[in-house]
Amino acid sequence: MSRVPVKMTINGRAVEALIEPRTLLIHFLREQAGLTGAHIGCDTSHCGACTVDLNAMSVKSCTVFAIQANGAEIVTIEGMAAADGTLHALQDGFRQMHGLQCGYCTPGMIMRAHSLLKENPNPSEDEIRIGISGNLCRCTGYQNIVKSIQYAAAKINGVPYQEAAE
Amino acid sequence: MNDMTPTQAERTGKLEGLGCRRKRTEDIRFTQGRGNYVDDLKLPGMLFGDFVRSSHPHARIKSIDTSKALALPGVKAVLTAADLKPLKLHYMPTLAGDVAAVLADDKVLFQNQEIAFVVAEDRYIAADATELVEVEYEALPVVVDPFQAMAPDAPVLREDIKDKMDGAHGPRKHPNHIFNWQVGDKQGTDAVFDTAEVTTKDLFVYHRTHPSPLETCQCVASMDKIKGELTVWGTFQAPHVIRTVVSILSGIAEHKVHVIAPDIGGGFGNKVGVYPGYVCAIVASIVLGVPVKWVEDRMENLSTTSFARDYHMTTELAATKDGKILAMRIHVLADHGAFDACADPSRWPAGFMNICTGSYDIPVAHLEVDGVYTNKASGGVAYRCSFRVTEAVYSIERAIEVLAHKLGMDSVDLRMKNFIKAEQFPYHSALGWEYDSGNYHVAMQKAMDAVGYPALRAEQKTRQEAFRRGETRQLLGIGVSFFTEIVGAGPSRNCDILGVGMFDSAEIRIHPTGSIVARMGTKSQGQGHETTYAQIIATELGIPADDITVEEGNTDTAPYGLGTYGSRSTPVAGAATAMAARKIRAKAQMIAAHLLEVSEYDVEWDIDRFKVKGLPEKFKTMKEIAWAAYNNLPPGMEPGLEAVNYYDPPNMTYPFGAYFCVMDIDVDTGVAKTRRFYALDDCGTRINPMIIEGQVHGGLTEAFAVAMGQEITYDAQGNVMGASFMDFFLPTAVETPKWETDFTVTPSPHHPIGAKGVGESPHVGGVPCFSNAVNDAFAFLEAGHIPMPHHAWRLWKVADGLGLHA
């Protein structure tokens, strides 16, 4: 099959490649760019394990052709920690609040939460639940994911995290 | 001592051992996208496999033409049954003593069954090529309803064994019959039923569903033809057993088979068995001499690799008028699909279904299970439960509610009246189990107090009156369940997998500088073993958990174990971990005595050190002892400080719990909203409460899914319905209720640290709790038993059937 050139910035790094036009962004990221953090869980854009930021918006990268990301700025889970290795508030929050178990949905969940907190820096619990409803988790029952995002929001906003009573 | 000397509490705290809400070791890599899952693996020259699957649920294969697929550039091979037959690999043995087709030979028995395996340079080309394989079918009549499977004129499904009327578990009554399994005293039970004052009889259907972990089943097989060695990376909950099976099937000596389970993205029972994808990838790699990857897509996962449940349970209770249960009788019709591939210990064709007397002191009981073949995918895996325990608990917990309603008794009172009493443990059940420990009345009372049970019933009564007056269209359901699990299989005297006893193992090595590497025969799929096993060792050996690395999944380095499912990791490998640590501590005691120049009887253990009795300032820490183990030993002692333990548990463990659910149901929309869900779990000694609560949240969420909507169905023609996340219900954060967790602690008397296991309890107890809430809401309208799943459309139909929309 004929190949087309594609060029994008991934986690601040310029990436160029020749790809089949039908290449999905998730396969491009995982198999050509070597970034295996985003996962594939369903193939039908229900589970959100493949969520990345595309031009500062959450996308399910199994439902985007890599060529559609031509010229775009992509951020994946691998681009979340600071250059010195300091974890992003969400990465820290998920660990502190036990917001993950098998870890398979986690990169997508964190990337979705990342955009959510940009859209709404101080979301309520219901807003978080709606905001992450495109991302499925089979392990946690979401309760601690909600807390993880609240923890991160507090940290980003520079206020102390207060756990809501159950 | 001076003020700088750490207190005992400080020393204990530093270990982060038993009881600590320790943050997980695993999360460091998972939160940074540095997990190492099977599909992340990329090897030079690796090819991809994909399946051609049957569009028919039952058909004779007249021909398979692979020529167009083979002509597609990039396609390297197409395997069919004809290729596997000479290798005797077109069928493979199942855990249940049956065989299952790897690639369909002559006939297909369920929709999406594997017919051909295409191997190509990349996954896109492989997918293209599957569409170029031409299969000619001759459709055959299907068996979808298990109740019709043994009809005299039912089409014979398994022609390969049609004349073999003696199955793996005794005689078969019909070509579509798999086994008949009976436990208990039939005559004695029947006699009680003949004269009982009150009896109940209901058909409780526990519908077919699927574990559906977020990561599907997948593997990479890599044959090194020079060394004659095969390496298989895969999503294996039981990697050591997989190695043994691969060795037997392939004929490659077991020491030349390397099975590695890297990080696994959830299992829930889906990743115990061997699937055709593994076999085909291995064969393709052996034939082609390059690595071959196989990754299931979601539709393949839901429709082929291992469904769960599909138990049709006719459950009867006999009782006195005042609510003393006298006997239980159950007949189960078990729909196993096309092959008997249940993932149960080999001698247990219906798993531990005979735990069905539940938490109650029922004097006599009889259980009979008939397994049948139908034109559906095979499986019958333990989806987040010990073998068939969810089915058993659902059956008794629904039956209790039905009996309470018939007697006009509160179902909690009925439970309290019939619970096994604390002083009866160890308790011998009518169907053969020895319950290790329990304190049911206390747990139930604590749960009732926490939810304010009498006030809820009063509110319900008020609501029912308002409903009858037409003032509300909302029903209030109060779901109660009290469950006893049976986990930690198991004593090898009665539990084995393909002849290998169900022990488990741990190996602990202390390095000279006092840090530790430990390896177990189990395999975490998200349970946090790297964190919790380290906590057990930390407490046993006084080395901080942060200085302990836990590894699992590599069959070359880890000791042999039977893997992680049926909540067996803590009860079995957790016990092995404690026992191995104690071997090390015994040696450390001798080294400490040598260093302190006293007799080993004059030193005693103190958190992280051995001290001289009565002289607390004279001590050697475990770190000092570790160093000495490599350079300053008592005369004649073997150097080093390590131990391995293979633990064969004396008994199972029996976690239990009391759950309450409060639910509002709108009769006009059928929408059910869980207002409150309270879960009290008793899993014995609690290793890491944070992880326990997380497990409970997750198990309850899967219980909510199963009870309220998750289902694999087939239409009358045998087409599988709902094999994608479009139709198969996985709750999002929006639908999922909020969970309240609580606990009591009744240690297991036979487990070295008293732990029982918890991962599956919330699913086992949660499903009947939700279903009881729904049934309870409608009970005052005499709705009878309402079958699961309780999604809005079905509840609307229940309301409609009761004339509530007139």
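A quick note: this is a predicted structure, and the numbers were derived from the prediction, not measured. (Residues numbered from 1 in each chain as written. Chains lettered and ligands numbered in written order. Predicted model: local features only at pLDDT ≥ 70, side-chain atom pairs only at ≥ 80, totals over all residues. Heavy atoms only, no water.)

Overview of the overall build of chain B
Broken down by element type, chain B carries 19 helices and 37 strands. Its C-alpha atoms give chain B a radius of gyration of 28 Å, near enough to 28 Å, the size a compact globule of 806 residues would have. With the principal axes as the frame, chain B shows a C-alpha extent of 85 × 75 × 50 Å. Across chain B, contacts joining residues at least 24 apart in sequence account for 80% of those joining residues at least 6 apart. Accessible area for chain B stands at about 27,000 Å²; split by element, carbon and sulfur atoms hold 54% of it. Across chain B, the 76 positively charged side chains and the 100 negatively charged ones have centroids separated by 2 Å. (Helix = DSSP H or I, 4+ residues; strand = E, 2+ residues; numbered from the N terminus. Rg over C-alpha atoms; globule rule 2.2 N^0.38 Å. Contact = heavy atoms within 4.5 Å. Areas by Shrake-Rupley, 256 points an atom, 1.4 Å probe, with all protein chains shown as cover. Lys, Arg positive; Asp, Glu negative; His and termini not counted. Charge placed at Lys NZ, Arg CZ, Asp CG, Glu CD.)

A closer look at the sheet that holds strand E28 (residues 548-552) of chain B
Consider a sheet: its strands pair through backbone hydrogen bonds, and that pairing is either parallel or antiparallel. Residue and element names in this part refer to chain B. Taken together, the four strands give an open sheet; going across it, the order is E28-E27-E26-E32, and neighbouring strands pair in mixed fashion. Only two strands of the sheet have a single partner each, and these edge strands are E28 and strand E32 (642-647). Averaged over all pairs of adjacent strands, the angle between strand axes in this sheet comes to 15°, irrespective of strand direction. Inspection of the sheet shows strand E26 (residues 504-510) paired to strand E27 (residues 516-520) by five bridges, in the antiparallel sense. Bridge pairing links alanine 506 to methionine 520 in E27. Of the strands in this sheet, E26, E27 and E32 are in contact with helix H15 (residues 569-596), which crosses E32 at around 145°. (Pairing = 2+ DSSP bridges. Axes fitted to C-alpha atoms, helices over the stretch in contact; angles between N-to-C directions.)

As for helix H11 (residues 411-418) of chain B
All names here are of chain B. Extensive coverage of H11 is indicated by the burial of six of its eight residues. Taken as a whole, H11 has its buried residues at Ser411, Val412, Leu414, Arg415, Met416 and Asn418. The backbone nitrogen of valine 412 has a side-chain oxygen 2.7 Å away, supplied by the residue at the start of H11, namely aspartate 410. (Buried < 20%, exposed > 50% of the residue type's maximum accessible area, 1.4 Å probe, protein only. Polar contact = N/O pair within 3.5 Å; in protein donor to acceptor, adjacent residues only side chain to side chain.)

Describing the environment of alanine 168 of chain B
Residues and elements named next belong to chain B. Mapped onto the elements, alanine 168 comes out in the loop between strand E9 (166-167) and strand E10 (170-171). Accessibility expressed as a relative area gives 49% for alanine 168, which makes it partly exposed. Separated by 256 residues in the primary sequence, alanine 168 and glutamine 424 have C-alpha atoms spaced 36 Å apart. Setting aside anything within four residues of it in sequence, one finds alanine 168 in contact with Ala96 and Gly97.

Overview of the sheet that holds strand E23 (residues 474-484) of chain B
Residues and elements named next belong to chain B. With mixed pairing, four strands are arranged side by side in an open sheet as E23-E33-E34-E37. Each edge of the sheet is formed by a strand with only one pairing partner; in this case those strands are E23 and strand E37 (740-743). Within this sheet the neighbouring strands show an average axis-to-axis angle of 15°, counted without direction. As defined by bridge partners, strand E34 (residues 672-682) adjoins E37 across four bridges and the pair is classed as parallel. Bridge pairing links alanine 679 to threonine 741 in E37.

Section: empty space enclosed by the protein
All names here are of chain B. One pass over the structure, following the stated rule, counts three cavities of 30 Å³ or more. Considered as a void within the structure, the largest cavity measures approximately 490 Å³ in volume. What lines the largest cavity is a set of 34 residues, among which Gln527, His529, Gln695, Val758 and Gly759 lie closest to the centre. Listing elements by their share of the lining of the largest cavity, those giving two or more residues are helix H14 (529-541), H15 and helix H17 (689-708). Two domains each provide a minimum of three residues to the lining of the largest cavity, namely domain 1 (8-31 + 504-647) and domain 3 (307-489 + 652-801). The space that makes up the second largest cavity amounts to roughly 350 Å³. Met92, Gly273, Val274, Tyr275 and Ala341 are the residues nearest the centre of the second largest cavity, which is lined by 30 residues in total. If you list the elements that add at least two residues to the lining of the second largest cavity, you get strand E4 (91-93), strand E5 (99-101) and helix H7 (239-250). It is H7 that provides the largest number of residues to the lining of the second largest cavity, a total of three residues. Class assignment for the residues of the lining of the second largest cavity results in 22 nonpolar, seven polar and one charged. (1 Å grid on protein atoms, 1.4 Å probe; cavity = no way out; pocket = protein on both sides within 12 Å on 5 of 7 lines; lining within 4 Å. Points joined across faces, edges and corners; volume = space filled by probe spheres on them. Domains from an automatic or database assignment. Nonpolar A, V, L, I, M, F, W, Y, C, P; charged D, E, K, R; others polar.)

Some words on helix H2 (residues 89-96) of chain A
With six of its eight residues buried, H2 of chain A lies for the most part within the structure. Taken residue by residue, H2 of chain A has Ala89, Leu90, Gln91, Asp92, Gly93 and Phe94 of chain A as its buried positions. Each element contacted by the buried residues of H2 of chain A is listed here: helix H3 (106-119) and helix H5 (143-157) of chain A together with helix H2 (27-30) of chain B. A positive phi of about 55° marks histidine 98 of chain A, the residue just after H2 of chain A.

Quick word on the domain arrangement of chain A
Residues and elements named next belong to chain A. By the assigned domains, chain A splits into domain 1 (4-79) and domain 2 (89-157). Once you take the C-alpha centre of each, domain 1 and domain 2 turn out to be 21 Å apart. Between domain 1 and domain 2, a total of about 1,200 Å² is buried, with carbon and sulfur atoms accounting for 54% of that surface. Sorting the residues of domain 1 by area buried against domain 2 places His39, Thr51 and Ile77 first, and these three jointly supply 39% of that buried surface. Our count for the domain 1 to domain 2 interface comes out at zero salt bridges. At the junction of domain 1 with domain 2, the criterion picks out 10 residue pairs in polar contact (both at pLDDT 80 or more). (Buried area = accessible area lost by both parts, 1.4 Å probe. Salt bridge = Lys/Arg side-chain N within 4 Å of Asp/Glu carboxyl O.)

Some remarks on the packing of aromatic side chains
Residues and elements named next belong to chain B. On inspection of all chains with the given rule, the structure shows 38 aromatic pairs over all chains. Ring centres of phenylalanine 419 and phenylalanine 482 lie 4.5 Å apart, and the angle between their planes is 55°; this geometry places the pair in the tilted category. One end of the pair, phenylalanine 419, is in the loop between H11 and strand E21 (427-428); the other, phenylalanine 482, is in strand E23, and 63 residues separate them in sequence. In textbook terms, an aromatic cluster arises when at least three aromatic residues are bridged by ring pairs, as seen for Phe483, Tyr659, Phe677, Phe704, Phe729, Trp739 and Phe770. Above the plane of the ring of phenylalanine 307 lies arginine 208, whose end atom (NZ or CZ) is 3.4 Å from the centre. (Phe/Tyr/Trp six-rings, centres within 6.5 Å; stacked < 30°, edge-to-face > 60°. Lys NZ or Arg CZ within 6 Å of the ring centre and 35° of its normal.)

Considering unusual backbone geometry
A cis amide bond links phenylalanine 425 of chain B with the next residue in sequence, proline 426 of chain B, at an omega value of -5°. With respect to the secondary-structure elements, proline 426 of chain B resides in the loop between H11 and E21. Of the consecutive residues methionine 788 of chain B and proline 789 of chain B, the connecting peptide bond is found in the cis state with omega at -10°. Looking at the secondary structure, you find proline 789 of chain B in the loop between helix H18 (761-779) and helix H19 (792-801). Located in the positive-phi region is aspartate 43 of chain A, a residue other than glycine, with phi close to 70°. Within the fold, aspartate 43 of chain A resides in the loop between helix H1 (25-32) and strand E3 (51-54). Classification of aspartate 43 of chain A by relative accessible area gives partly exposed; the value is 43%. Look at aspartate 106 of chain B: it is not a glycine, yet its phi comes out positive at around 75°.

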